[in-house]
Amino acid sequence: MHITVAGAGIIGLSCAYRLAGAGHDVTVVAAAPPGETTSAVAGGVLYPPVRLPDKRIVRWTAETLAVLREQEAPGVRFRRGHVLLAPGEPAPQWLPAMIDPVRDGGHLVFTTALVDTPVYLEWLLARVVSLGVRVEHRTLASLSGLGPVVNATGPGAGVLAGDGSLVPIGGQVVHLADPGLTEFVVDETSPGATYVIPHGGHVVCGGTEEPGRAGTEPNPVVTADIVRRCRELVPALAGAEVLRSLVGLRPFRPVVRLERKGDIVHCYGHGGSGITLAWGCAADVAALVAS
């Protein structure tokens, strides 16, 4: 059948790839190209939120990790790293899905994928187009009249679905020159989490959580605070050049919405975990379309 995928971030492109691979005629419609989506701003370390109460998360995470290992795509590297938890915090349900996981007191140590999202999105778009998927850039005011459609529009998905439970949560990051870091570090105990994610040419440093934020203009005061926190967490960044600051609007919902309603399959509300959950969700979307 002909299917429209609304959205060209990591969720939309992953869904388009799965659907085209299943033999469907697919058109991706999005207001902006992948490089201008929230996905392109993401830090790109693959693991879900520590405290997200959703049993599907483990399966989606494991599927995405397996796909990235199989793809060997540009922009994807597997690296070991540390996640710092608060004292007494239980190990999350998804930890066994990581590669060689170890709990060492308040540290979770494991190997996972680090995704340089602009590079990976460009590669994935090319793969999608090679499967015959058409890509159109226009703003959708409604999902009606599109026929079978996948709603993967990220921050705009709630408006299109009439769902007030989805809210944007601003996240600012800073790119520093990479001094040769070999591990990622995430401190879940700090407000908004402090993280250092190396990608070879640059390090993504963060972050913030700003519910209801509308604009994407970086705040210089926040930039300075992020740099300070990340240099304290990883002293090797002390002399690293500040390259740029970016802001993304994470599409947060208390629970990810992935369900079919008539001709519409909704797939949104991933918050800051789109990279982590994309391929697992895309498999479920393809199954719902076929049902």
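Rules and cut-offs
- Residues numbered from 1 in each chain as written.
- Predicted model: local features only at pLDDT ≥ 70, side-chain atom pairs only at ≥ 80, totals over all residues.
- Heavy atoms only, no water.
- Phe/Tyr/Trp six-rings, centres within 6.5 Å; stacked < 30°, edge-to-face > 60°.
- Helix = DSSP H or I, 4+ residues; strand = E, 2+ residues; numbered from the N terminus.
- Buried < 20%, exposed > 50% of the residue type's maximum accessible area, 1.4 Å probe, protein only.
- Expected span 1.5 Å × (residues − 1).
- Arc of directions from axis to C-beta.
- Contact = heavy atoms within 4.5 Å.
- Polar contact = N/O pair within 3.5 Å; in protein donor to acceptor, adjacent residues only side chain to side chain.
- Axes fitted to C-alpha atoms, helices over the stretch in contact; angles between N-to-C directions.
- Parallel < 35°, antiparallel > 145°, perpendicular 65-115°, else oblique.
- Left-handed = near helix turned anticlockwise from the far one by under 90°.
- Nonpolar A, V, L, I, M, F, W, Y, C, P; charged D, E, K, R; others polar.

Caption draft 1: View of the packing of aromatic side chains. Inspection of the entire model under this criterion finds six aromatic pairs. Their ring planes at 75° and their centres at 6.0 Å tell us that Tyr47 and Phe110 sit as a pair that is edge-to-face. Taken as a pair, Tyr47 in the loop between strand E2 (25-30) and helix H2 (56-71) and Phe110 in strand E5 (residues 107-115) lie far apart in primary sequence, 63 residues in all. In terms of burial, Tyr47 and Phe110 fall into one category: buried. Among the aromatic residues, those joined into a cluster by ring pairs are Tyr47, Trp94, Phe110 and Phe184.

Caption draft 2: Summary view of unusual backbone geometry. Here Gly206 and Gly207 are connected by a cis peptide whose omega angle stands at 0°. Looking at the secondary structure, you find Gly207 in the loop between strand E11 (202-206) and strand E12 (210-211). Despite not being glycine, Glu72 shows a phi value in the positive range, around 50°. By the element assignment, Glu72 lies in the loop between H2 and strand E3 (76-84). Phi is positive for Asp100, close to 50°, though the residue is something other than glycine. The topology assignment puts Asp100 in strand E4 (residues 99-104). Its relative accessible area of 54% is what places Asp100 among the exposed residues.

Caption draft 3: Focus on helix H5 (residues 220-233). Between its terminal C-alpha atoms H5 stretches 20 Å, which fits the 20 Å expected from 14 residues at 1.5 Å a residue. All of the buried residues along H5 are Val222, Thr223, Ile226, Val227, Arg229 and Cys230. In a view along the axis of H5, the buried residues occupy a sector of 170°, so they form one face of it. The exposed residues of H5 that point more than 90 degrees off its buried face are Pro220, Val221 and Glu232. On its buried face, H5 is in contact with strand E8 (167-177), strand E10 (194-198), E11 and strand E13 (242-261). One side-chain oxygen at the N-terminal end of H5 lies 2.9 Å from the backbone nitrogen of Val221; it belongs to Asn219.

Caption draft 4: Just the side chain of Asn151, in detail. Mapped onto the elements, Asn151 comes out in strand E7 (residues 149-151). Among the residues examined, Asn151 registers a relative accessible area of 0% and is labelled buried. Among the polar contacts listed, one links the side chain of Asn151 to the backbone oxygen of Ala157, at a separation of 3.4 Å. Among the polar contacts listed, one links the side chain of Asn151 to the side chain of His266, at a separation of 3.2 Å.

Caption draft 5: Layout of the packing of helix H1 (residues 10-21) against helix H3 (residues 117-130). In the contact formed by H1 and H3, the axes pass within 10 Å of each other and the chain directions differ by 30°. Overall, the two elements H1 and H3 adopt an arrangement that is roughly parallel. Both H1 and H3 take part in a crossing whose hand is left-handed. Mapping the contact onto sequence places Ile10, Leu13, Ser14, Ala16 and Tyr17 in H1 and Tyr120, Leu121, Leu124, Leu125, Arg127 and Val128 in H3. For the contact of H1 with H3, a count of residues per class yields nine nonpolar, one polar and one charged.

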